[in-house]
There are 2 protein chains.
Amino acid sequence: MGVRVAVDIVIFSVRDGRLKALLVKRGVPPFEGRWAVPGGFLKDDEALDEAARRELLEETGVADVYLEQLFTFGAPGRDPRGRVLSVSYFALLPAGSKAAPPSAGGDAAEAAWFDAYEPPPLAFDHAAILDYARQRLRWKLEWTTVGFGLVPGRFTLTELQRVFEAVLGRGVDKRNFRRKVLALGVLRATKESRREGLTRPARLFEFSASRFEKLRERGVLFPF
Amino acid sequence: MGVRVAVDIVIFSVRDGRLKALLVKRGVPPFEGRWAVPGGFLKDDEALDEAARRELLEETGVADVYLEQLFTFGAPGRDPRGRVLSVSYFALLPAGSKAAPPSAGGDAAEAAWFDAYEPPPLAFDHAAILDYARQRLRWKLEWTTVGFGLVPGRFTLTELQRVFEAVLGRGVDKRNFRRKVLALGVLRATKESRREGLTRPARLFEFSASRFEKLRERGVLFPF
DNA sequence: GCAAAAGTGTTCAATGTACACCCATGC
DNA sequence: GCATGGGTGTACATTGAACACTTTTGC
């Protein structure tokens, strides 16, 4: 009686115009030397969400990011050490934010970003976890506002569009994208702008949480 | 080290034109005498889905119904006996199918159907589980084909419509409903019909799994 | 004045929604 | 012939998709 419970977090971010996942190289058996989704064991008296946030902090040094429970994997043979349940989560890091130094984690030798669509061979059943997370993210991006978790506090509309394109894996029309995202009514234009290259500066926008709440109350956005 | 894992299943069905959930009355402490979502503990070497199907069979006597993992609840204080994780599922029973005799389960004194929108006070955090399940079912009904899990193998379009109305909690237009559901292309009209009262017989339809698969491959239906 | 990214509207197709009448059957 | 539920089509509004040019800035 009693199984061990791991909490594994698929950490997504957009880098170099592509959707990436943060993976750690295992430093101890089983699957020593293989890449894996970062995670760790649930502690006594710790809530699942707390454990996920703790692991996320240890692994990346960030707090206050979007985090959502994904699925619980529990096939009897999934961990050679014995019965281990994995409660999986996915987290979104804003593009451009720094991930923690690789040595920050405990039993992870190193950490690196990998293309989320073409990951290396993974330990345990983590390939299934990553697949599932990718699928869920992609779907939610089109139908909810999770996408705003992938951009920093202030961003240009073009930056936002690039993020969407990276996750969806296809280009989108600039005019349609801007109209649609502005029509949502959850963006606020700031008075500032930013110049990327040697060209016309772009207006900076920010996400308006209060307007978002209004929408959610009216059932416009899907809650799960 | 090691927590106990419960598998709890919210069992939905439409009875008397309303969405109902099957609940069991607890015969032992804690929460003795309170109603609860049926479930039980995960056994060694048992997959999560297997455990859910086993509980479902014990509780209702049915197999081969729609079953989907919902969410994992794990707040430290949710069970006074100690640390217990609940991996929750929801299942759909076709309208009109018989549920098992109340005494079939183990530590459940009795079982009964309750209005899913207005349940009695529930044990543990089961009210949250039921809320979550209801929300998910309702949402999926509009955007996927889960709805077909709530009708028997052969059904009239009016029966199907009544089921949708019960879950959504509002009436829908007959003509629009029929057009939409037929346009999906996953229904096959049989040659038979059935007479309910003293009136014109209604054509019986059945669900075509092969056509459904074609849609799913093309990404028309949402997979989760 | 030119290179480079920002910004902006209209047309068309598809989809969803509102709405009312005739049909088949048993008594 | 009448009561009861079965069955059908059209007009309109909303939504999503395709598509190209002008503007601002630094050099």
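Preceding block: the structure.
Heads up: these notes are all about the structure in this document. Quick caveat: nothing in here was measured; it's all calculated off a predicted structure.

## Observations concerning the relation of the copies chain B and chain A
And then number 1: When chain B is fitted onto chain A, the two copies agree to an RMSD of 0.1 Å after a turn of 180° and an axial shift of 0.1 Å. Those values place the two copies in the arrangement expected of a two-fold rotation axis. The position closest to the rotation axis in chain B is occupied by the C-alpha of Gly2 of chain B, lying 2.3 Å away.

## Regarding the protein's contact with DNA strand D
And then number 1: Asn176 and Arg200 of chain A together with Lys174, Arg178 and Thr199 of chain B are the nearest of the 19 residues found near DNA strand D.
And then number 2: When atoms of DNA strand D within 4 Å of the protein are sorted by moiety, sugar and phosphate together comprise 35%.
And then number 3: Taking Arg200 of chain A, its side chain carries an N or O atom lying 2.8 Å from a base oxygen of DNA strand D.
And then number 4: Note that a base oxygen of DNA strand D is positioned 3.2 Å from one of the side-chain N or O atoms of Arg179 of chain B.
And then number 5: Every element with two or more residues in the surface near DNA strand D is listed here: α4 (174-183) of chain A together with α4 (174-183) and β10 (202-207) of chain B.
And then number 6: For the surface near DNA strand D, the leading source of residues is α4 of chain B, giving four residues.
And then number 7: Taken together, the residues of the surface near DNA strand D break down into four nonpolar, four polar and eleven charged.

## As for the packing of helix α3 (residues 157-168) of chain A against α4 of chain A
Residue and element names in this part refer to chain A.
And then number 1: Taken N-terminus to C-terminus, the directions of α3 and α4 make an angle of 100°; their axes are 11 Å apart at the nearest point. What the angle tells us is that α3 and α4 run roughly perpendicular. Side by side, α3 and α4 meet where Leu157, Thr158, Leu160, Gln161 and Phe164 of the first sit next to Lys174, Phe177, Arg178, Val181 and Leu182 of the second.

## Notes on the interface of chain B and chain A
And then number 1: Counting from both sides, the interface comprises 29 residues of chain B and, opposite them, 29 residues of chain A.
And then number 2: Each partner contributes to the roughly 2,500 Å² buried at the junction of chain B and chain A, and carbon and sulfur atoms together form 68% of this total.
And then number 3: Our count for the chain B to chain A interface comes out at zero salt bridges.
And then number 4: Viewed at the interface, chain A and chain B are joined by eight residue pairs in polar contact (both at pLDDT 80 or more).
And then number 5: Mapped by element, the contributors of at least two residues to the side of chain B that touches chain A are β1 (4-15), β5 (66-73), β6 (84-92) and α2 (126-143) of chain B.
And then number 6: Looking at the side of chain B that touches chain A residue by residue, the class counts come to 17 nonpolar, five polar and seven charged.

## Re the side chain of Asp115 of chain A
Residues and elements named next belong to chain A.
And then number 1: In this structure, Asp115 sits in strand β7 (residues 108-115).
And then number 2: Within the structure, Asp115 has its side chain in polar contact with the side chain of Arg18 (distance 2.6 Å).
And then number 3: Setting aside chain neighbours within four positions, we find Asp115 in contact with Arg18, Leu19 and Lys20.

## Remarks on the protein's contact with DNA strand C
And then number 1: Near DNA strand C lie 19 residues; those nearest to it are Thr158, Lys174, Arg178 and Thr199 of chain A together with Asn176 of chain B.
And then number 2: Backbone atoms, meaning sugar and phosphate, make up 38% of the atoms of DNA strand C lying within 4 Å of the protein.
And then number 3: At a separation of 3.0 Å, a base nitrogen of DNA strand C approaches a polar side-chain atom of Thr199 of chain A.
And then number 4: One nitrogen or oxygen atom from the side chain of Arg175 of chain B is found 3.4 Å from a base nitrogen belonging to DNA strand C.
And then number 5: Mapped onto the surface near DNA strand C, the elements with two or more residues apiece are α4 and β10 (202-207) of chain A together with α4 of chain B.
And then number 6: Per element, the largest residue contribution to the surface near DNA strand C is four residues, and it comes from α4 of chain A.

## Structural notes on the nonpolar core
Residues and elements named next belong to chain A.
And then number 1: Membership of the largest hydrophobic core comes to 39 residues, with the highest contact counts inside it found for Val10, Phe12, Phe90, Leu160 and Leu187.
And then number 2: Of all the elements in the fold, those that place two or more residues in this core are β1 (4-15), β2 (18-26), β5 (66-73), β6 (84-92), α2 (126-143), α3 and α4.
And then number 3: The leading source of residues in this core is α3, at seven residues.

## Quick notes on the environment of Leu168 of chain A
All names here are of chain A.
And then number 1: Secondary-structure assignment places Leu168 in helix α3.
And then number 2: Placed 24 residues apart in sequence, Leu168 and Thr144 show a C-alpha to C-alpha distance of 14 Å.
And then number 3: Other than its neighbours up to four places away in sequence, Leu168 contacts Tyr117, Arg138, Leu141 and Glu142.

## With respect to unusual backbone geometry
All names here are of chain A.
And then number 1: Cis geometry is found at the peptide bond from Pro29 to Pro30, where omega equals -5°.
And then number 2: Considering the arrangement of structural elements, one finds Pro30 in the loop between β2 and β3 (35-36).
And then number 3: Not every positive phi belongs to a glycine, and Phe124 is a case in point at roughly 50°.
And then number 4: Along the polypeptide, Phe124 turns up in the loop between β7 and α2.

About the cut-offs
As a convention, each chain's residues are numbered from 1 in the sequence order in which they are written. All chains are assigned letters beginning with A, and all ligands numbers beginning with 1, in the order in which they are written. Where totals are concerned, whole chains, interfaces and linings use all residues; where local detail is concerned, this predicted model gives features only for residues with pLDDT of at least 70, and gives and counts side-chain atom pairs only at 80 or more. Side-chain descriptors were evaluated using all non-hydrogen atoms of the structure, hydrogens and water having been removed beforehand. Here the copies were fitted onto each other by least squares, based on C-alpha atoms from residues at pLDDT of at least 70 in both. To be near a molecule or strand, a residue needs just one of its heavy atoms within 4 Å of it. Two N or O atoms form a polar contact when they lie within 3.5 Å of each other; inside protein one atom must be a possible hydrogen donor and the other a possible acceptor, and for residues adjacent in sequence the pair counts only when both atoms belong to side chains. Helix and strand labels come from DSSP, where a helix needs a run of H or I of at least four residues and a strand needs a run of E of at least two; each type is numbered from the N terminus. Each residue gets one label: Ala, Val, Leu, Ile, Met, Phe, Trp, Tyr, Cys and Pro are nonpolar, Asp, Glu, Lys and Arg are charged, and the others, such as Gly, are polar. For helices, the fitted line uses only the C-alpha atoms of the stretch in contact; every axis is such a line through C-alpha atoms, and the angle between N-to-C directions lies from 0 to 180 degrees. Here the angle decides the label: under 35 degrees means roughly parallel, over 145 means roughly antiparallel, 65 to 115 means roughly perpendicular, and every other value means oblique. We call two residues in contact whenever any of their non-hydrogen atoms come within 4.5 Å of each other. Put simply, buried area is the surface a 1.4 Å probe can reach on two separate parts but cannot reach once they are joined, added for both. Think of a salt bridge as a Lys or Arg side-chain nitrogen and an Asp or Glu carboxyl oxygen that are within 4 Å of each other. The set of buried Ala, Val, Leu, Ile, Met, Phe, Trp, Tyr and Cys residues whose side-chain atoms join them within 4.5 Å is what this entry labels a nonpolar core. Classification of residues uses two cut-offs on accessible area relative to the type maximum, computed with a 1.4 Å probe and protein chains only: under 20% is buried, over 50% is exposed, and between them is partly exposed.

The analysis is restricted to geometry; functional conclusions fall outside its scope.
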